[in-house]
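The primary structure of each chain is shown beneath.
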Amino acid sequence: MKIVTLAGGVGGAKLADGLAQLLPPENLTIVVNTGDDFEHLGLYISPDLDTVCYTLAGLANPETGWGRREETFHVLENLQELGGPDWFRLGDRDLATHIERTRRLREGQSLSLITRDFCQAWGVRQPVLPMSDQPVRTMVDTEDGELAFQEYFVHRKCEPKVKGFRFAGIATALPATGVLEAIEHADGIVVCPSNPWVSIDPILAVAGIRSALAAKLVVAVSPIIGGQTVKGPAAKMYTELGVQPSALAITCHYGKILSGFVLDRVDAKFAQNISIPTCVTNILMKNQDDRRSLAQDVLNLIQTL
Ligand code: FO1
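If you're wondering where the values come from, they're calculated on a predicted model, not measured in any experiment.

Visitor: Hey, could you run me through the pairing of strand β1 (residues 3-7) in this one?
Guide: Remember that side chains alternate between the two faces of the sheet whenever the strand is regular. Among the five residues that make up β1, five are buried, leaving the element largely enclosed by the rest of the structure. Neither face of β1 is open: one carries Ile3, Thr5 and Ala7, the other Val4 and Leu6, and all of them are buried. What joins β1 to strand β2 (residues 28-32) is helix α1 (residues 10-22), and the crossover it makes is right-handed. When β1 meets strand β9 (residues 188-191), the two strands line up parallel, connected through four bridges.

Below you can see the structure in the form of structure tokens.
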């Protein structure tokens, strides 16, 4: 079975890792949100791409889910001493990724080519594709004005109340090489348990991606368990936008593109109000076994559709 996943950061990376444990590498393509990308300290940072790649490579920090395992922060500590911006914690090993990516981008190489080469260097055999090679920047409209995503997420700790979102650059962004081809050849599309507003919507907004999904079996895994998110501000965003955060709200969010939905046992009561086939299971991924087991449930649901 050929699968394409749409992924944001930590939650997306974990499910992609579960799928990678079950599928041959050539049968899994991971399309990753780049709306969180930004320039910091003169470097091009692509947090979700790195989180997915590090996770698949077994290099991710197990505590945070992002950044590198066995990381040190000597550069950051010295930057702090000089009074430089230290709100975005870039580790020493991680910095090598940003430095080399920035160097190659400045030479005119594409983000997808650079990501392919990095994956090869890290031993990641599944294609990991940025959603687009053109810059798209998620902007968060808040009560304190419009904020660039990392400014809102990390610097302001998601505190300002959200009023809406804008994906700057989306009008001219094209799907990266291989994205539409992978979707076309896929037997199923898996929408990872990532933030619908800021991780999955930017991918769906890239020209041609949403319409390519219309002909496909698309299964989403809820990022909400018992009204809360495992990580990140999705539940807070729903509340601030006037929607009660729930598994049901996620199915409404994605609407017609979905053919199936996976939700947690604690939310089993919602299944009767969902008009598409569902799988009620444990969706909290605390360890490798949970990742594999959820991935198996997702594949089983796709097979029954
Ligand atoms: N998230 C934080 O909450 N604080 C950080 O200092 C931080 C640094 C960081 C460095 C590299 C990287 O790839 C990711 C990093 N993240 C950090 C995570 C990231 O900002 C978000 O998790 C994603 O953008 C949302 O998916």
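Having put the structure on the table, let's press on.
Visitor: Would you explain the site of the ligand in this entry?
Guide: The local shell around the ligand holds 14 residues, among which Asp36, Asp48, Phe88, Arg89 and Gln150 are the closest. For the ligand, a nitrogen atom lies 3.5 Å from a polar atom in the side chain of Trp66. Between the ligand and the protein, one listed contact pairs an oxygen atom with a backbone N or O atom of Arg89 at 2.8 Å. Considering the ligand on its own, with 530 Å² of exposed area, one finds that the protein chains cover 89% of that surface. Those elements that place two or more of their residues in the shell around the ligand are α2 (47-57) and α6 (149-155). At four residues, the largest contribution of residues to the shell around the ligand is made by α6. Broken down by class, the residue content of the shell around the ligand amounts to eight nonpolar, two polar and four charged.

Visitor: I keep staring at helix α4 (residues 92-106) and nothing clicks. Help me out?
Guide: An α-helix turns once every 3.6 residues. As a result, residues three or four positions apart point the same way. Relative to the 21 Å expected for 15 residues at 1.5 Å per residue, α4 spans 21 Å between its end C-alpha atoms, a close match to the ideal helical length. For α4, the set of buried residues is Asp92, Asp94, Leu95, Thr97, His98, Arg101, Thr102 and Arg104. Buried residues in α4 make contact with β4 (43-45), α2, α3 (74-81) and α5 (111-122). Two residues or fewer past α4, Gly108 is found with a positive phi of approximately 100°.

Visitor: How do you make sense of unusual backbone geometry when you look at a structure like this?
Guide: Here Lys157, not a glycine, exhibits a phi torsion of approximately 50°, which is positive. Tracing the backbone shows Lys157 in the loop between α6 and β8 (162-168). Even without being glycine, Cys158 reaches a positive phi, approximately 60°. Structurally, the position occupied by Cys158 is in the loop between α6 and β8.

Visitor: Teacher, can you tell me more about the layout of surface pockets here?
Guide: Over the atoms rolls a probe the size of a water molecule, and in doing so it shows where empty space is left. Taken as a whole, the second largest pocket spans an internal volume of roughly 200 Å³. Contributing elements (two or more residues each) for the lining of the second largest pocket: α5 and β5 (128-130). Here the residues of the lining of the second largest pocket are counted per class, giving six nonpolar, four polar and two charged.

Visitor: Help me understand the sheet that holds strand β10 (residues 218-221), please; the structure alone is not making it clear to me.
Guide: The strands that make up a sheet are held in pairs by hydrogen bonds between backbone atoms, and each pair lies either parallel or antiparallel. Strand order in the open sheet made by the seven strands is β5-β2-β1-β9-β10-β13-β14, with parallel pairing throughout. The strands lining the two open edges of the sheet, one partner per strand, are β5 and β14 (278-281). Within this sheet the neighbouring strands show an average axis-to-axis angle of 20°, counted without direction. Two strands pair when backbone bridges link them, and β10 and strand β13 (residues 260-264) are joined in this way by three bridges, in the parallel orientation. The partner of Val219 across the bridge, within β13, is Gly260. Contacts from helix α11 (residues 247-254) reach β9, β10 and β13, with the element oriented near 160° to β13.

Visitor: How do you make sense of the pattern of salt bridges when you look at a structure like this?
Guide: Side chains that differ in charge, positive against negative, can pair when their charged atoms come close. Under the counting rule described, the total for this entry stands at ten salt bridges. The salt bridge partner of Asp144 is Arg156, with a shortest N-O separation of 2.4 Å. Here Asp144 is found in the loop between β6 (137-142) and β7 (145-148), whereas its partner Arg156 is found in the loop between α6 and β8, with twelve residues between them in sequence. On the basis of relative accessible area, Asp144 is assigned to the partly exposed category, the value being 43%. Residue classification places Arg156 among the partly exposed positions, given a relative accessible area of 29%.

Visitor: How should the sheet that holds β8 be read in this particular structure?
Guide: Spatially, three strands are ordered β7-β6-β8 in an open sheet, and the strand pairing comes out antiparallel. Both outer strands of the open sheet, β7 and β8, are each paired with one neighbouring strand and no more. On average, each strand axis in the sheet is inclined to that of its neighbour by 25°, with strand direction left out of account. One ladder, built from six bridges, connects β6 with β8; its direction is antiparallel. Among the inter-strand pairings, Arg137 is bridged to a residue of β8, identified as Ala168. Sheet strands touched by helix α8 (residues 196-205): β6 and β8. Its angle to β8, the strand with the most contacts, is close to 35°.

Visitor: Looking at this structure, how should I read the environment of Gln109?
Guide: Turning to its location among the elements, Gln109 is positioned in the loop between α4 and α5. Gln109 sits 30 residues away from Leu79 along the chain, and the two C-alpha atoms are 29 Å apart. Sequence-distant contacts of Gln109, defined by excluding residues within four places in its chain, comprise Arg104 and Ile114. Among the polar contacts listed, one links the side chain of Gln109 to the side chain of Arg104, at a separation of 2.7 Å. There is a polar contact of 2.9 Å between the side chain of Gln109 and the side chain of Glu107.

About the criteria used
Residues numbered from 1 in each chain as written. Predicted model: local features only at pLDDT ≥ 70, side-chain atom pairs only at ≥ 80, totals over all residues. Heavy atoms only, no water. Buried < 20%, exposed > 50% of the residue type's maximum accessible area, 1.4 Å probe, protein only. Helix = DSSP H or I, 4+ residues; strand = E, 2+ residues; numbered from the N terminus. Right-handed = clockwise from strand over helix to strand, strands pointing away. Pairing = 2+ DSSP bridges. Near = heavy atom within 4 Å. Polar contact = N/O pair within 3.5 Å; in protein donor to acceptor, adjacent residues only side chain to side chain. Areas by Shrake-Rupley, 256 points an atom, 1.4 Å probe, with all protein chains shown as cover. Nonpolar A, V, L, I, M, F, W, Y, C, P; charged D, E, K, R; others polar. Expected span 1.5 Å × (residues − 1). Contact = heavy atoms within 4.5 Å. 1 Å grid on protein atoms, 1.4 Å probe; cavity = no way out; pocket = protein on both sides within 12 Å on 5 of 7 lines; lining within 4 Å. Points joined across faces, edges and corners; volume = space filled by probe spheres on them. Axes fitted to C-alpha atoms, helices over the stretch in contact; angles between N-to-C directions. Salt bridge = Lys/Arg side-chain N within 4 Å of Asp/Glu carboxyl O.

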